[in-house]
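Coordinates in review
Below are the chains, spelled out letter by letter.
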Amino acid sequence: MDWLWLPITAVAALVTAALATPLAGRLSLALGAIDRPNERKVSVRPNIPRWGGLAVALGSFVGIAVALLMLGETVEIGERLEALVAGGLLVLAVGALDDRWSFSAWPKLVVEVAAAGLAFWAGLRIEHVTDPISGQVWYFTPWLSWALTTGWIVVVTNSFNLIDGLDGLCTGVSAIIGTALTILAFQSGQLVGLVVGVALVGALVGFLPFNFPPARIFVGDTGALFVGYTLSLLALVSYQRVTVVTFLVPLLTLAVPLLDTSLSVFRRLRQRSNVMVADREHIHHRLLRDFQGSHRPAVLSLYFLTACFCLIAISFARLQGYAVIIFLVVVLGLTWRILRNLGLVGNEPSVPGGEAGGEAS
């Protein structure tokens, strides 16, 4: 196969997203899809456009189209790509409407479950786990497979919405995770994952200069839900042939947004508050206070942490036998130490500091 399509796809997605971003910003301003600061948001700047995700999605779709044109009839993509695109359009639409009219969580949840159903129908499923020592595979019943797949897609999709709290955070973290999952798809010979991953990462890189602090446009729920959904399916694509503890590899790549989501739910349950009501105690809020309200070091710190987990995941995919258990114990120990240093587990000291600028969490 001629691999020239890979860089061309990435460049096409990047250029499309970069050119479409100013247009998405003007459309946001014209139709009122703008950020309005309030007491729970980090942002203090009014009237920042929120439909940047439209540019990311357009760049991704153009990149996918270019890849398919270049690949021609040499490959059979099939229903998986159709599910990725159709489900992505669904969550993109509900995110765009939410950015304009602010829905409750339930309409978005219904759409996410429907999009997950499309993926399950197309064969993107959590169907088994593998014993890292013996290599034995245990398969799930169809109903359990459906429940696990739907739960995975919904949780991952919303975790990117939750982590979208600082300028450039969701975009950069998504680009790093997307790169790792694309590498895993390449290693496991999953062409659909390779096509979608290259296109998505290219689009995110094209959008990032407009979104990096201080942001001129936000990715919004539009982009966060679209990117989260797409990455959740990319993880499922790589899972299809990753046979070391199977699902732990894509799980590690998504460690930062999933940790933030898990800690947020635990914190709100412990405080007996509504788990769907936002607060200002996410990982990025803690880092922002530690850096006295400066966005760039907080964002770059989370970029670095995400990259570390992604490198661990790629290395983890190569391990077999007891090395898997040892490696996993070391990773869990380091993760616990990081969370304690951030005050997210154990004692939680209050760290004073200013907060300014950034996207809504």
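Note: the structure precedes this text.
Residues numbered from 1 in each chain as written. Predicted model: local features only at pLDDT ≥ 70, side-chain atom pairs only at ≥ 80, totals over all residues. Heavy atoms only, no water.

1. Observations regarding the overall build of the protein chain
Assigned secondary structure in the protein chain consists of 13 helices and four strands. In the protein chain, 77% of the contacts between residues at least 6 apart in sequence involve partners at least 24 apart. When the accessible surface of the protein chain is summed, it comes to about 15,300 Å², and 68% of that surface belongs to carbon and sulfur atoms. (Helix = DSSP H or I, 4+ residues; strand = E, 2+ residues; numbered from the N terminus. Contact = heavy atoms within 4.5 Å. Areas by Shrake-Rupley, 256 points an atom, 1.4 Å probe, with all protein chains shown as cover.)

2. A closer look at the packing of aromatic side chains
Applying the stated rule across the entire model yields five aromatic pairs. Ring centres of Phe-212 and Tyr-303 lie 6.5 Å apart, and the angle between their planes is 40°; on these two criteria the pair is classed as tilted. Here Phe-212 is found in the loop between α7 (191-211) and α8 (220-239), whereas its partner Tyr-303 is found in helix α12 (residues 295-316), with 91 residues between them in sequence. Judged by relative accessible area, Phe-212 falls into the partly exposed class, the value being 21%. Since its relative accessible area comes to 11%, Tyr-303 is described here as buried. Arg-125 extends its terminal NZ or CZ atom over the ring of Phe-120, reaching a point 4.4 Å from the ring centre. (Phe/Tyr/Trp six-rings, centres within 6.5 Å; stacked < 30°, edge-to-face > 60°. Buried < 20%, exposed > 50% of the residue type's maximum accessible area, 1.4 Å probe, protein only. Lys NZ or Arg CZ within 6 Å of the ring centre and 35° of its normal.)

3. What about the environment of Ala-185?
Looking at the element boundaries, Ala-185 is found in helix α6 (residues 169-187). Distance from Ala-185 to Leu-236, taken between C-alpha atoms, is 9.6 Å for residues 51 residues apart in sequence. Once residues within four sequence positions are removed from consideration, Ala-185 is found in contact with Gln-190, Gly-193, Leu-194 and Ser-238.

4. Things to note about the side chain of Thr-222
Tracing the sequence through the fold places Thr-222 in helix α8. Within polar-contact distance, the side chain of Thr-222 engages the side chain of Asp-99 at 2.5 Å. Beyond its immediate sequence surroundings of up to four residues, Thr-222 is in contact with Arg-50, Trp-51, Gly-53, Leu-54, Leu-92, Gly-95, Ala-96 and Asp-99. (Polar contact = N/O pair within 3.5 Å; in protein donor to acceptor, adjacent residues only side chain to side chain.)

5. Notes on α6
Helix length check: α6 (19 residues) gives 27 Å between terminal C-alpha atoms against 27 Å at 1.5 Å per residue, within 8%. Of all 19 residues that make up α6, 14 are buried, and the element is covered over most of its length. Positive phi appears at Gly-189, one or two residues downstream of α6, with a value of about 70°. (Expected span 1.5 Å × (residues − 1).)

6. Considering unusual backbone geometry
Omega for the bond connecting Pro-213 with Pro-214 falls within 30 degrees of zero, at -5°, which places this linkage in the cis form. Mapped onto the fold, Pro-214 is located in the loop between α7 and α8. Of note, the phi angle at Ser-102 is positive, near 55°, even though the residue is not glycine. Mapped onto the secondary structure, Ser-102 falls in the loop between α3 (79-101) and α4 (105-121). We classify Ser-102 as exposed; its relative accessible area is 58%.

7. Considerations on the packing of helix α10 (residues 255-270) against α12
One can describe the packing of α10 onto α12 by two numbers: an axis separation of 9 Å at closest approach and a directional angle of 110°. One way to sum up the angle between α10 and α12 is to call them roughly perpendicular. Contacts from Ala-255, Val-256 and Leu-259 of α10 reach α12 at Leu-302, Leu-305, Thr-306 and Phe-309. In terms of residue class, the contact of α10 with α12 is built from six nonpolar, one polar and no charged. (Axes fitted to C-alpha atoms, helices over the stretch in contact; angles between N-to-C directions. Parallel < 35°, antiparallel > 145°, perpendicular 65-115°, else oblique. Nonpolar A, V, L, I, M, F, W, Y, C, P; charged D, E, K, R; others polar.)

8. Some thoughts on the pattern of salt bridges
Counting across every chain of the model gives five salt bridges. Asp-99 is the salt-bridge partner of Arg-50, the closest N and O atoms lying 2.7 Å from each other. Of this pair, Arg-50 sits in the loop between β2 (48-49) and α2 (52-71) while Asp-99 sits in helix α3, and the two are 49 residues apart along the sequence. Just as Arg-50 is buried, Asp-99 falls in that class too. Linking Asp-98 and Lys-108 is a salt bridge whose minimum nitrogen-to-oxygen distance equals 3.2 Å. In this pair, Asp-98 is assigned in helix α3 and Lys-108 in helix α4, connecting sequence segments 10 residues apart. Salt bridges sharing common partners tie together Asp-35, Arg-50 and Asp-99. (Salt bridge = Lys/Arg side-chain N within 4 Å of Asp/Glu carboxyl O.)

9. Here we look at the side chain of Ser-60
Mapping Ser-60 onto the fold places it in helix α2. Ignoring anything within four residues of it in the chain, the contact list for Ser-60 reads Ala-199, Leu-200, Ala-203 and Phe-226.

10. Overview of a nonpolar patch on the surface
A cluster of nonpolar side chains, Val-11, Leu-14, Val-15, Leu-19 and Val-205, forms an exposed patch at the surface whose accessible area comes to about 410 Å². Of all the elements, helix α1 (residues 5-31) adds the most residues to the nonpolar patch, at four residues. As for its placement among the helices and strands, Val-15 is situated in helix α1. (Patch = residues over 30% accessible without salt bridge, like charges linked within 9 Å, V, L, I, M, F, W, Y side chains within 5 Å.)

11. Things to note about the nonpolar core
The biggest cluster of nonpolar side chains holds 82 residues, and the ones touching the most others in it are Trp-5, Trp-152, Ile-153, Ile-177, Leu-231, Leu-233 and Leu-254. Of the residues forming this core, the biggest block, 12 residues, is contributed by α7. Sequence-distant contacts of Leu-254, that is, excluding residues within four places in its chain, are made with Trp-152, Val-156, Phe-160, Ile-177 and Ala-235. (Core = buried A, V, L, I, M, F, W, Y, C linked by side-chain atoms within 4.5 Å.)

12. Examining the environment of Ile-283
Along the chain, the position of Ile-283 falls in helix α11 (residues 283-290). A relative accessible area of 4% places Ile-283 in the buried class. Note: C-alpha distance between Ile-283 and Leu-302 (19 residues apart in sequence) is 8.8 Å.

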